[in-house]
Each structure stands twice: as structure tokens, then as C-alpha cells.
Amino acid sequence: MDQREKKLAAASAAIELIELEGFIGVGTGSTANCFIDLLAQFKHQFDGAVASSEASAERLKANGIAVLDLNGVGDLAVYVDGADEATRHRHLIKGGGGALTREKIVAQASKLFICIVDDSKIVGHLGDFPLPIEVIPMARSFVAREMVKLGGRPELRHGFTTDNGNQIIDVFGLEIREPVQLEETINQIPGVVTNGLFARRSADIIVVSGDSGVERLE
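Residues numbered from 1 in each chain as written. Predicted model: local features only at pLDDT ≥ 70, side-chain atom pairs only at ≥ 80, totals over all residues. Heavy atoms only, no water.

Student: How would you sum up the packing of aromatic side chains? Please name residues and give values.
Tutor: On inspection of all chains with the given rule, the structure shows 2 aromatic pairs. For the ring pair Y79 and F113, a centre distance of 5.3 Å and an interplane angle of 35° mean the geometry is tilted. Of this pair, Y79 sits in strand β3 (residues 76-81) while F113 sits in strand β6 (residues 110-118), and the two are 34 residues apart along the sequence. Here Y79 and F113 have matching classes, each one buried. Taken together, the aromatic side chains of Y79, F113 and F198 make up a single cluster linked through ring pairs. Positioned over the ring face of F198 is K94, at 5.5 Å from the centre of the ring. Taking NZ or CZ as reference, K104 lies 5.0 Å from the ring centre of F198, over its face. (Phe/Tyr/Trp six-rings, centres within 6.5 Å; stacked < 30°, edge-to-face > 60°. Helix = DSSP H or I, 4+ residues; strand = E, 2+ residues; numbered from the N terminus. Buried < 20%, exposed > 50% of the residue type's maximum accessible area, 1.4 Å probe, protein only. Lys NZ or Arg CZ within 6 Å of the ring centre and 35° of its normal.)

Student: Any chance you could break down the packing of helix α1 (residues 3-17) against helix α2 (residues 30-39) for me, citing the residues and the numbers?
Tutor: At a minimum axis separation of 8 Å, α1 and α2 run at an interaxial angle of 55°. Between α1 and α2, the angle falls in the class oblique. For the pair α1 and α2, the crossing hand works out as right-handed. Note on element contacts: α2 touches α1 through S30, T31, C34, F35, L38 and L39, opposite R4, K7, L8, A11, S12, A14 and I15. Class assignment of the residues belonging to the contact of α1 with α2 gives a composition of 8 nonpolar, 3 polar and 2 charged. (Axes fitted to C-alpha atoms, helices over the stretch in contact; angles between N-to-C directions. Parallel < 35°, antiparallel > 145°, perpendicular 65-115°, else oblique. Left-handed = near helix turned anticlockwise from the far one by under 90°. Contact = heavy atoms within 4.5 Å. Nonpolar A, V, L, I, M, F, W, Y, C, P; charged D, E, K, R; others polar.)

Student: Mind laying out the sheet that holds β6, listing which residues take part and the relevant values?
Tutor: Taken together, 6 strands build an open sheet; the order of strands is β2-β1-β3-β6-β12-β13 and the sheet is mixed. Sheet topology places β2 (48-51) and β13 (213-217) at the edges, where each strand pairs with a single neighbour. Shown here is a sheet whose adjacent strand axes are inclined to one another by a mean of 25°, direction ignored. Where α1 meets the sheet, its contacts fall on β3, β6, β12 (205-210) and β13, and the angle it forms with β6 comes to roughly 155°. (Pairing = 2+ DSSP bridges.)

Student: Talk me through a nonpolar patch on the surface; I want residue IDs and the actual numbers.
Tutor: Residues I136, M138 and V193 make up a contiguous nonpolar surface patch of roughly 300 Å² in combined accessible area. Within the element layout of this structure, V193 appears in strand β10 (residues 192-195). (Patch = residues over 30% accessible without salt bridge, like charges linked within 9 Å, V, L, I, M, F, W, Y side chains within 5 Å. Areas by Shrake-Rupley, 256 points an atom, 1.4 Å probe, with all protein chains shown as cover. Salt bridge = Lys/Arg side-chain N within 4 Å of Asp/Glu carboxyl O.)

Student: Break down the side chain of T87 for me, with residues and values.
Tutor: Considering the arrangement of structural elements, one finds T87 in the loop between β4 (85-86) and β5 (92-93). Judged by its relative accessible area of 4%, T87 is buried.

Student: Please set out the environment of V214 residue by residue, giving values where relevant.
Tutor: By secondary structure assignment, the location of V214 is in strand β13. Take V214: its relative accessible area is 44%, and that puts it in the partly exposed class. C-alpha separation for the pair V214 and A139, spaced 75 residues apart in sequence, amounts to 42 Å. With residues up to four places along the chain from it excluded, the contact list for V214 reads A9, A13, V207, V208 and S209.

It is worth stressing that arrangement in space is one thing and function is another; only the former is reported here.
Here it is as C-alpha cells:
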């Protein structure tokens, strides 16, 4: 299978896992887009979706799926999203598309978080993919200096603004052995909105698609 076929297989497996009722939390990115497109086939079986980005909201609407704000829905039964890196301990790096803050909010508001990935995203430990950090614009240089102290090489994501009006610093060179601790440490830096480590609220299930089929990590 090529990568797109693997993403579609993971998305299809996730649909089989969830109850198609109420409101469904939906993530952002190429794998989440596969999920959205497949979900459209069942749009009459559930009430609508809560999207983690404006891009996902537009794709959902284009597929005829109603999109509501999280404030109008409350807690969600399930959230389905992809990842940039994932370990077999179900810790993730997310935010390559810049939607990490809203993704983290929707994940935290959901009883079940299902992560869908192709097997290229499974790693022994996190950190080969640069860690995204959403920052208040006035704090970007300060936060970057703090990340150097933690052993990283920060780079501003030039020309990019998040849906929240903030900026992204991508931190290269981190070897993340204790993701829960590092997530908390970075989030305590003034000016950080949040970072792309999903370790404190990790995935409940990771659906991994590869050449030999689909595997569930839970």
C-alpha cells in the first residue's frame, strides 16, 4: 500500500471503532482529511462534528456535515485525529499543521481519543519530528531562548499564523525521553500557549495501518 492507502485504511478502521451518534470531534491534517471524507458517508447517522481547525471545519461543511463550536456541545464521546509522531506508549507529537492548541482542547474534552496513523509515524522515542510550540507573538524570542536552554534548536515558522492569531516555533534536536515532564515544563514558560506533546492526555487507542494490515495500540 502507498501512504494514502494506509491513511485511508486507518481512517476506515477508526470509523468501525466509534459509535456514529451525537457529535464527533475531528482533527486536522492529511489523515484526518481521509477520516472526514469517509465520515461523510454516514453523515445522517450523527448530529455533527466539532473541528480542531478552520481548515477541518471547511472540509466537514463541504462534505455536508454540520460543524458546531465546542462551547455549544460540551464534552464529546470521541475525538479522531492523526499525529506527526507516535510511540507504542501512545505519546504523540502533533502540530505540524499548526492546529495543536485546538487539537489539545478537543482531545481533553473527549472521553475517547483515537489517533490514526500510517506505520511511518511510529517511533521508538519522540523528537525526530520538530516539536511545535504555539506562542504569543511578543514572547517568541524569549520562548526560543528558553528552548535553547532545554537543548533544542528553535526556528520560527515564517509566514504562518495559527487560527488563534499566534505564531509557531518549531524546535529541532530534542531527544524526548520523558514526554510528560517535558510537556509540563514547556507549558510553564510564560508566553507559551501550548506545545505539541500529547503525553499528559495521550491517545487512548492508536490505529496503525501498514502493509500487513491494521494494528491497534491501547
